[in-house]
Amino acid sequence: MHRNDRMIIFLGIIIVVIALVGAAVGGSPKVKKDGEDEEDDYTKWPIKDSDVKHISGSSSENSDETVIFNITDKYVLRITYELNWLDEADTTGLGDYTNQPDSFNFTVLTPWEEAFSSDNVFNPQGNAGLITETIEIPEEVIKDGAIGEWTLMIHCGECGDQTPRVSLGGYRDIQDTGNDWILTRYYEFHTNN
Ligand SMILES: [Ca+2]
Ligand SMILES: [Ca+2]
């Protein structure tokens, strides 16, 4: 073997050793460690309440409306959606009517494409209706799974008509064709800001 060949092999070995030492000391393993620290530490960060968002709308009897909320925060723990509606007042005057209850339900489609459906709820006669759904974010998607679009499908079901309190005089039901509503959203998340 020539002296030059030995020198080339020697330099080659030196380069490989430098590369291996460099990878062990710095480079990608260090970046991964930072990521792991953040994953471990977020549970120690304070829990903050998000702002409260309201969207109002209106539904016809037996129809669906879609509402989209966006989230940009990481480490969301749980998110709550509330649907409120107040059936129109009983009609008085020429006749005396009772406005029978209306019904609603809603389905939440998460950014990780899981669906949660509420019960179908009738408002108590003469009082506001309320449906509350709180979704706990699964641990495997807690880092950033809540980021993105949350789709709410609001279903207005049967709407009870205004019925005469006394059926004398030929009074007929007054049709109730739907209802206005307010959808509210808020959530809790860990943050170090
Ligand atoms: Ca009604
Ligand atoms: Ca109504």
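Residues numbered from 1 in each chain as written. Chains lettered and ligands numbered in written order. Predicted model: local features only at pLDDT ≥ 70, side-chain atom pairs only at ≥ 80, totals over all residues.

Examining the nonpolar core
The line we're drawing: Joining buried Ala, Val, Leu, Ile, Met, Phe, Trp, Tyr and Cys residues through C-beta atoms within 7 Å gives a set, and that set is a nonpolar core. For the exposure call, what matters is how many other C-beta atoms sit within 10 Å of a residue's own: 20 or more marks it buried, 12 or fewer exposed, and in between partly exposed, using C-beta atoms placed from the backbone. Under the DSSP-based scheme used, a helix requires at least four consecutive residues in state H or I and a strand at least two consecutive residues in state E, with every element numbered from the N terminus. By definition, residues are in contact whenever their C-beta atoms, placed on the basis of the backbone, come within 7 Å of each other.
Counting residues in hydrophobic clusters, the biggest one holds 11 residues: Y81, L83, W85, F104, F106, I131, I154, C156, C159, W181 and L183. Looking at this core, the elements that each hand over two or more residues are β4 (76-86), β6 (102-109), β10 (148-159) and β12 (178-190). Sequence-distant contacts of Y81, defined by excluding residues within four places in its chain, comprise V108, E133, L152, L183 and R185. Core analysis: the next-biggest nonpolar cluster, separate from the first, contains eight residues, V76, I79, I137 and A146 among them.

With respect to unusual backbone geometry
Positive phi outside glycine occurs at Y75, with the angle close to 55°. Tracing the sequence through the fold places Y75 in the loop between β3 (63-71) and β4. In this structure Y75 comes out as buried when scored by C-beta crowding, with 22 C-beta atoms within 10 Å. Phi is positive for E113, close to 65°, though the residue is something other than glycine.

Let's talk about the environment of I55
One can find I55 in strand β2 (residues 53-60). For I55, a count of 15 C-beta atoms within 10 Å translates into the label partly exposed. Setting aside residues up to four positions removed in sequence, I55 forms contacts with V67 and L183.

Remarks on the confidence of the model for the chain
Stated precisely, the cut-off is as follows: Confidence of the prediction at every residue is given by pLDDT, a number between 0 and 100.
Averaged over every residue, the pLDDT of the chain is 88; residues scoring 70 or more account for 78%. The model gives residues 27-33 a pLDDT under 50, and that stretch makes one contact with residues more than four places away or in other chains.

So, the pairing of β4
In summary, the side chains of a regular strand alternate between the two faces of the sheet. Put simply, the rule reads: Here, any two strands with at least 2 DSSP bridges between them count as paired.
Here β4 runs beside β12; their pairing, made up of eight bridges, is antiparallel. Each bridged residue has a counterpart across the sheet, and for R78 the counterpart in β12 is E188. Across nine bridges, the pairing between β4 and strand β9 (residues 128-136) is antiparallel. Its bridge partner lying in β9, L86 is registered against A128.

Considering the environment of V141
Structurally, V141 can be placed in the loop between β9 and β10. Classification of V141 by C-beta neighbours within 10 Å gives partly exposed; the count is 15. A sequence separation of 29 residues divides V141 from W112, and the C-alpha atoms of the two residues are 8.1 Å apart.

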